Amino acid sequence: VGDLLVGTAQLAGTGLAHTVIRVQGRYLTLARGTAAVDISFTHDGENRRFLIVRPATAYAGAPVLLMLHGNGGTAENQANISYVADLVAATGSWAVLPDALDGTWNQDPGHSNGIDDVGFLAAVIEILTNNFEVDPQHIAISGLSNGAFMAERFACERSDLISAAALVAGTMNTN
């Protein structure tokens, strides 16, 4: 994994139930007791990024939920529409939200656009397990729509890296 850039953690405020912050010009709602970290790196010659929403005080061995946005979405959009910061605050788990290039995942191996999203997601997991103290045995993946198809593809091709998969608004692919 090349050129790992880790942004400064932004913490939610303590006085309100939710705080709105900006990450790379996009709005993100955090729940009290959570923080967000933006991470980018080079994969296959492309600058790729993902967002972590975690407890403000992170602890070793936290489970991870990878959440893939739908077509045209962003990491921040997926975090906001799913209220994932509330889940993080309640459970102590980490939500990791990767961004697809140009907002679309390369989810269909039969009609590939040449972008290695399976490799990108595997690299995200490698970064999490090598640089943060997450539990590698408790990494799940979920996706919405186009992200659901990508989560399905990843679960089929790299089941060795995840413990569970959940598809939202996505059907089984016939390929």
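Along each chain, residue indices are assigned from 1 in the same order as the chain's sequence is written. Local features in this predicted model are restricted to residues of pLDDT 70 or higher, and side-chain atom pairs are both shown and tallied only at a pLDDT of 80 or more, whereas totals for entire chains, interfaces and linings draw on every residue. Each side-chain value is derived from all of the structure's non-hydrogen atoms; neither hydrogens nor water enter the calculation.

Draft legend 1. Quick look at the overall build of the chain. Strands here are runs of E lasting at least two residues and helices are runs of H or I lasting at least four, both read from the DSSP assignment and numbered beginning at the N terminus. In terms of helices and strands, the chain carries four helices and ten strands. When its helices and strands are written in sequence order, the chain yields β-β-β-β-β-β-β-α-α-β-α-β-α-β. Its C-alpha radius of gyration of 15 Å places the chain within 12% of the 16 Å reference for a compact globule of 175 residues. Each principal axis of the C-alpha distribution contributes one length, and for the chain these read about 50 × 30 × 30 Å. Burial status across the chain gives 46% buried among its 175 residues. Whether two residues touch is decided by their heavy atoms; if any such pair falls within 4.5 Å, the residues are in contact. In the chain, 64% of the contacts between residues at least 6 apart in sequence involve partners at least 24 apart. Only C-alpha atoms enter the radius of gyration; for comparison, a globular chain is expected to reach 2.2 Å times N to the power 0.38, where N is the number of residues. Note on exposure labels: buried denotes an accessible area under 20% of the residue type's maximum, exposed denotes more than 50%, and partly exposed covers the range between, all computed with a 1.4 Å probe on protein chains only.

Draft legend 2. Up close: helix α2 (residues 84-91). Here α2 has its buried residues at Val84, Ala85 and Val88. The buried residues of α2 occupy one face: seen down the axis, they fall within an arc of 105°. For α2, the elements touching its buried residues are β4 (26-31), β5 (34-43), β6 (46-55), β7 (62-68), α1 (75-82) and β8 (94-98). Backbone geometry just after α2 places Gly92 at a positive phi near 80°. To obtain the arc, one takes the directions from the helix axis to the C-beta atoms.

Draft legend 3. Region of interest: the packing of helix α3 (residues 117-131) against helix α4 (residues 146-157). For helices, the fitted axis covers only the stretch in contact; all axes are lines through C-alpha atoms, and the angles between them, taken along N-to-C directions, range from 0 to 180 degrees. Remark: α3 packs on α4, axes separated minimally by 10 Å, with the N-to-C direction vectors making an angle of 75°. What the angle tells us is that α3 and α4 run roughly perpendicular. Taking contact as the criterion, the partners of Asp117, Val118, Leu121, Ala122 and Ile125 in α3 are, on α4, Met150, Arg153, Phe154 and Glu157. Gly is put with the polar residues, along with every residue not named as nonpolar or charged; the nonpolar set is Ala, Val, Leu, Ile, Met, Phe, Trp, Tyr, Cys and Pro, and the charged set is Asp, Glu, Lys and Arg. Here the contact of α3 with α4 is built from residues that sort into six nonpolar, no polar and three charged. Angular relationships are summarised with four words: roughly parallel below 35 degrees, roughly antiparallel beyond 145, roughly perpendicular across 65 to 115, and oblique for the angles in between.

Draft legend 4. Representation of the environment of Ala9 within the structure. The residue Ala9 is located in the loop between β1 (2-6) and β2 (10-11) in this model. C-alpha of Ala9 to C-alpha of Val53: the two residues are 44 residues apart in sequence and 9.4 Å apart in space. Excluding residues within four positions of it along the chain, Ala9 makes contact with Ala36, Val37 and Arg54.

Draft legend 5. Representation of unusual backbone geometry within the structure. Even without a glycine there, the phi angle at Asp44 is positive, about 55°. Its location among the elements puts Asp44 in the loop between β5 and β6. One non-glycine residue, Ser145, adopts positive backbone phi at about 55°. Relative to the helices and strands, Ser145 resides in the loop between β9 (134-144) and α4.

Draft legend 6. Spatial organisation of the packing of aromatic side chains. When two rings of Phe, Tyr or Trp (its six-membered ring) have centres within 6.5 Å they constitute a pair, described as stacked for plane angles under 30 degrees, edge-to-face for angles over 60, and tilted for the intermediate range. Tallied over the full model, the rule gives four aromatic pairs. On the basis of an interplanar angle of 65° and a centroid distance of 5.7 Å, the ring pair of Trp94 and Phe132 is categorised as edge-to-face. Taken as a pair, Trp94 in strand β8 and Phe132 in the loop between α3 and β9 lie far apart in primary sequence, 38 residues in all. Under the relative-accessibility criterion, Trp94 is labelled buried at 4%. Seen in terms of ring centroids, Trp105 and Phe120 are 6.4 Å apart; in terms of plane orientation they differ by 20°. Their pairing is stacked. On the criterion of sequence distance, the pair formed by Trp105 in the loop between β8 and α3 and Phe120 in helix α3 is long-range, its members being 15 residues apart.

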